[in-house]
Amino acid sequence: MSRFISSMSSKPKQHAKQNTQEKRLIRLRVVCQRPPSPQRFGAEFGLQDNSTTADWMIHPGQPRSNGDIHFECECRVRPHQRTGAPNFLGSFVHGDAAERFLYLSWCPVGWHPGQGEPSCPGWLRRLKIHLRSISWEQIEEALKSSGVLEAIVPGTGRDGGPSCASVPLVGGGWTVRSR
(Lines give C-alpha, C1' and ligand atoms only; values in the text may rest on other atoms or scores of the structure.)
Protein backbone atom coordinates (compact mmCIF):
# COMPACT_ATOMS: atom_id res chain seq x y z
CA MET A 1 0.00 0.00 0.00
CA SER A 2 2.80 2.46 0.77
CA ARG A 3 4.28 1.97 -2.74
CA PHE A 4 0.94 2.95 -4.23
CA ILE A 5 0.70 6.08 -2.07
CA SER A 6 4.29 7.15 -2.70
CA SER A 7 3.95 6.75 -6.46
CA MET A 8 0.74 8.75 -6.40
CA SER A 9 2.30 11.52 -4.33
CA SER A 10 5.35 11.85 -6.60
CA LYS A 11 3.29 12.17 -9.79
CA PRO A 12 1.56 15.46 -8.89
CA LYS A 13 4.94 17.03 -8.00
CA GLN A 14 6.31 16.27 -11.47
CA HIS A 15 3.14 17.58 -13.05
CA ALA A 16 3.29 20.77 -10.99
CA LYS A 17 6.94 21.32 -11.98
CA GLN A 18 6.12 20.86 -15.66
CA ASN A 19 3.16 23.25 -15.47
CA THR A 20 5.27 25.89 -13.70
CA GLN A 21 7.81 25.81 -16.53
CA GLU A 22 5.16 26.00 -19.22
CA LYS A 23 3.30 28.85 -17.53
CA ARG A 24 6.24 31.24 -17.87
CA LEU A 25 4.65 33.59 -20.34
CA ILE A 26 6.60 36.36 -21.98
CA ARG A 27 5.29 39.16 -24.17
CA LEU A 28 7.18 39.95 -27.39
CA ARG A 29 6.81 43.09 -29.49
CA VAL A 30 8.19 43.56 -32.99
CA VAL A 31 8.31 47.11 -34.34
CA CYS A 32 8.42 47.09 -38.13
CA GLN A 33 9.80 50.45 -39.24
CA ARG A 34 7.79 52.12 -41.99
CA PRO A 35 6.92 49.10 -44.15
CA PRO A 36 5.43 49.73 -47.60
CA SER A 37 1.65 49.72 -47.80
CA PRO A 38 0.33 46.16 -48.17
CA GLN A 39 -2.35 47.49 -50.56
CA ARG A 40 0.40 48.51 -52.97
CA PHE A 41 1.20 44.81 -53.36
CA GLY A 42 -2.36 43.45 -53.09
CA ALA A 43 -1.27 41.85 -49.85
CA GLU A 44 -2.14 41.29 -46.25
CA PHE A 45 0.66 41.94 -43.76
CA GLY A 46 0.90 40.59 -40.26
CA LEU A 47 2.33 38.34 -37.60
CA GLN A 48 1.96 34.74 -38.75
CA ASP A 49 0.16 32.38 -36.39
CA ASN A 50 0.97 28.74 -37.09
CA SER A 51 -1.60 27.17 -34.78
CA THR A 52 -2.99 25.26 -37.74
CA THR A 53 -1.20 24.72 -41.04
CA ALA A 54 -4.55 24.34 -42.80
CA ASP A 55 -5.38 28.00 -42.12
CA TRP A 56 -2.31 30.06 -41.25
CA MET A 57 -3.59 33.25 -39.72
CA ILE A 58 -2.03 36.64 -40.32
CA HIS A 59 -2.63 39.01 -37.38
CA PRO A 60 -2.44 42.68 -38.34
CA GLY A 61 -0.36 44.99 -36.20
CA GLN A 62 -1.07 48.38 -34.67
CA PRO A 63 -0.11 51.22 -37.03
CA ARG A 64 1.62 54.22 -35.49
CA SER A 65 1.50 57.83 -36.67
CA ASN A 66 5.16 57.67 -37.83
CA GLY A 67 4.39 54.79 -40.24
CA ASP A 68 5.74 52.01 -38.01
CA ILE A 69 3.59 48.98 -37.23
CA HIS A 70 3.78 47.23 -33.85
CA PHE A 71 3.06 43.51 -33.51
CA GLU A 72 2.69 41.80 -30.14
CA CYS A 73 2.27 38.21 -29.06
CA GLU A 74 2.62 36.12 -25.97
CA CYS A 75 4.57 32.88 -25.87
CA ARG A 76 5.75 30.37 -23.33
CA VAL A 77 9.41 30.00 -22.54
CA ARG A 78 11.27 27.23 -20.74
CA PRO A 79 14.83 25.90 -20.72
CA HIS A 80 15.89 23.84 -23.71
CA GLN A 81 16.30 20.26 -22.50
CA ARG A 82 19.90 19.90 -23.68
CA THR A 83 21.36 23.41 -23.66
CA GLY A 84 19.33 25.25 -21.02
CA ALA A 85 18.93 28.19 -23.43
CA PRO A 86 15.49 29.83 -23.65
CA ASN A 87 13.13 27.69 -25.71
CA PHE A 88 10.12 29.64 -26.96
CA LEU A 89 6.82 27.88 -27.59
CA GLY A 90 3.40 28.85 -28.81
CA SER A 91 1.31 29.50 -31.88
CA PHE A 92 3.43 32.42 -33.11
CA VAL A 93 6.78 30.63 -32.75
CA HIS A 94 8.32 28.86 -35.77
CA GLY A 95 11.43 26.73 -36.29
CA ASP A 96 13.08 23.96 -34.35
CA ALA A 97 14.11 24.35 -30.69
CA ALA A 98 17.63 25.56 -31.56
CA GLU A 99 16.47 28.25 -34.01
CA ARG A 100 13.14 29.72 -32.93
CA PHE A 101 11.78 32.77 -34.72
CA LEU A 102 8.67 34.84 -35.52
CA TYR A 103 7.40 35.58 -39.03
CA LEU A 104 6.05 38.87 -40.29
CA SER A 105 4.34 37.73 -43.48
CA TRP A 106 3.12 39.31 -46.68
CA CYS A 107 0.59 37.17 -48.53
CA PRO A 108 -1.86 37.91 -51.37
CA VAL A 109 -5.25 39.13 -50.15
CA GLY A 110 -7.54 36.13 -49.79
CA TRP A 111 -4.77 33.53 -50.22
CA HIS A 112 -4.94 30.40 -48.08
CA PRO A 113 -2.50 27.49 -47.76
CA GLY A 114 -3.15 24.75 -50.31
CA GLN A 115 -4.16 27.06 -53.15
CA GLY A 116 -2.37 26.47 -56.42
CA GLU A 117 0.94 28.21 -56.88
CA PRO A 118 0.75 29.15 -60.60
CA SER A 119 -2.25 31.48 -60.36
CA CYS A 120 -1.73 32.55 -56.77
CA PRO A 121 1.77 32.56 -55.32
CA GLY A 122 1.88 31.77 -51.63
CA TRP A 123 3.91 34.11 -49.52
CA LEU A 124 4.96 37.27 -51.28
CA ARG A 125 7.62 37.73 -48.63
CA ARG A 126 8.27 36.73 -45.05
CA LEU A 127 10.49 38.50 -42.57
CA LYS A 128 12.14 36.17 -40.07
CA ILE A 129 12.75 37.63 -36.59
CA HIS A 130 15.14 35.38 -34.67
CA LEU A 131 14.65 34.79 -30.94
CA ARG A 132 18.05 33.16 -30.28
CA SER A 133 19.68 36.35 -28.96
CA ILE A 134 17.17 36.72 -26.10
CA SER A 135 18.88 35.90 -22.80
CA TRP A 136 17.48 34.55 -19.56
CA GLU A 137 18.50 37.84 -17.92
CA GLN A 138 16.29 39.77 -20.35
CA ILE A 139 13.40 37.36 -19.79
CA GLU A 140 13.69 37.70 -16.00
CA GLU A 141 13.88 41.50 -16.24
CA ALA A 142 10.79 41.64 -18.46
CA LEU A 143 8.86 39.31 -16.15
CA LYS A 144 9.82 41.21 -12.98
CA SER A 145 8.92 44.58 -14.48
CA SER A 146 5.77 43.33 -16.27
CA GLY A 147 7.47 44.58 -19.41
CA VAL A 148 7.80 43.37 -22.96
CA LEU A 149 10.80 42.23 -24.99
CA GLU A 150 11.02 44.40 -28.09
CA ALA A 151 12.88 44.12 -31.38
CA ILE A 152 12.91 46.66 -34.19
CA VAL A 153 13.18 45.56 -37.82
CA PRO A 154 13.40 47.52 -41.08
CA GLY A 155 10.11 47.37 -42.99
CA THR A 156 11.47 48.13 -46.45
CA GLY A 157 14.05 46.08 -48.33
CA ARG A 158 16.82 47.34 -50.60
CA ASP A 159 14.56 46.89 -53.62
CA GLY A 160 11.89 49.20 -52.15
CA GLY A 161 9.55 46.31 -51.47
CA PRO A 162 8.83 44.71 -48.11
CA SER A 163 11.80 43.42 -46.12
CA CYS A 164 12.20 39.68 -46.26
CA ALA A 165 14.31 36.81 -44.99
CA SER A 166 16.48 37.29 -41.91
CA VAL A 167 17.52 40.89 -41.33
CA PRO A 168 19.66 42.33 -38.55
CA LEU A 169 17.66 43.80 -35.70
CA VAL A 170 17.85 47.59 -35.52
CA GLY A 171 19.65 48.94 -32.46
CA GLY A 172 21.54 45.76 -31.63
CA GLY A 173 18.80 43.33 -30.66
CA TRP A 174 16.01 42.61 -28.23
CA THR A 175 15.48 45.04 -25.36
CA VAL A 176 13.16 45.18 -22.34
CA ARG A 177 10.54 47.92 -22.60
CA SER A 178 7.54 48.92 -20.55
CA ARG A 179 4.15 48.00 -21.92
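Computed from a predicted model, the values in this text were never measured in an experiment.

### Notes on the overall build of the protein chain
- Counting its regular elements, the protein chain contains 2 helices and 11 strands.
- In sequence order, the protein chain lays out its α and β elements as α-β-β-β-β-β-β-β-β-α-β-β-β.
- Per-residue burial over the protein chain gives 37% buried out of 179 residues.

### Quick look at the nonpolar core
- I26, L28, F88, L102, L104, I129 and W174 are the most contacted members of the largest nonpolar core, which has 29 residues in total.
- Elements with a minimum of two residues in this core: β1 (25-33), β2 (43-49), β5 (69-79), β7 (101-108), β8 (125-130), α2 (136-144) and β9 (148-154).
- Here this core gets 5 residues from one element, more than from any other, and that element is β5.
- Ignoring anything within four residues of it in the chain, the contact list for L102 reads L28, V30, L47, C73, F92, V93, H94, L127, K128, I129, L131 and W174.

### A short note on the side chain of H70
- Secondary-structure assignment places H70 in strand β5.
- Looking at H70, the relative accessible area reads 17%, which means it is buried.
- There is a polar contact of 3.3 Å between the side chain of H70 and the side chain of R64.

### Quick look at the sheet that holds strand β3 (residues 57-59)
- Spatial ordering of the open sheet is given by β3-β2-β7-β8-β10, a layout of 5 strands whose pairing is mixed. Here the strands that pair on one side only, and so sit at the sheet edges, are β3 and β10 (165-166).
- Taken together, the 5 bridges between β2 and β7 define a ladder with antiparallel strand orientation. Bridge assignment links F45 to a residue of β7, and that residue is W106.

### As for the pairing of β1
- Relative to β5, β1 runs antiparallel, the two being bridged by 8 bridges. Residue pairing across strands places V30 opposite F71, the latter belonging to β5.
- Direction of pairing for β1 relative to β9: parallel, over a ladder of 6 bridges. When the bridges of β9 are listed, V31 appears paired with I152.

### Observations regarding the pattern of salt bridges
- Tallied over the entire structure, the rule returns 8 salt bridges.
- We note a salt bridge from E72 to R29, for which the minimum N-O separation is 2.8 Å. Taken as a pair, E72 in strand β5 and R29 in strand β1 lie far apart in primary sequence, 43 residues in all.
- For R29, a relative accessible area of 9% puts it in the buried group.
- Close ionic contact of R125 with D159 constitutes a salt bridge, the shortest N to O distance being 2.4 Å. Taken as a pair, R125 in strand β8 and D159 in the loop between β9 and β10 lie far apart in primary sequence, 34 residues in all.
- We classify D159 as exposed; its relative accessible area is 54%.
- Here the residues in one salt-bridge network are R27, R29, E72, E150 and R177, joined through shared partners.

### What to know about the packing of aromatic side chains
- Per the stated rule, a full pass over the model turns up 4 aromatic pairs.
- Summarising the aromatic geometry, the rings of F45 and F71 are spaced 5.3 Å apart at their centres and angled 85° between planes, so their arrangement reads as edge-to-face. Taken together, the positions of F45 in strand β2 and F71 in strand β5 put the pair 26 residues apart, joining distant regions of the chain.
- A relative accessible area of 2% places F71 in the buried class.

Rules of the game
Residues numbered from 1 in each chain as written. Predicted model: local features only at pLDDT ≥ 70, side-chain atom pairs only at ≥ 80, totals over all residues. Heavy atoms only, no water. Helix = DSSP H or I, 4+ residues; strand = E, 2+ residues; numbered from the N terminus. Buried < 20%, exposed > 50% of the residue type's maximum accessible area, 1.4 Å probe, protein only. Core = buried A, V, L, I, M, F, W, Y, C linked by side-chain atoms within 4.5 Å. Contact = heavy atoms within 4.5 Å. Polar contact = N/O pair within 3.5 Å; in protein donor to acceptor, adjacent residues only side chain to side chain. Pairing = 2+ DSSP bridges. Salt bridge = Lys/Arg side-chain N within 4 Å of Asp/Glu carboxyl O. Phe/Tyr/Trp six-rings, centres within 6.5 Å; stacked < 30°, edge-to-face > 60°.

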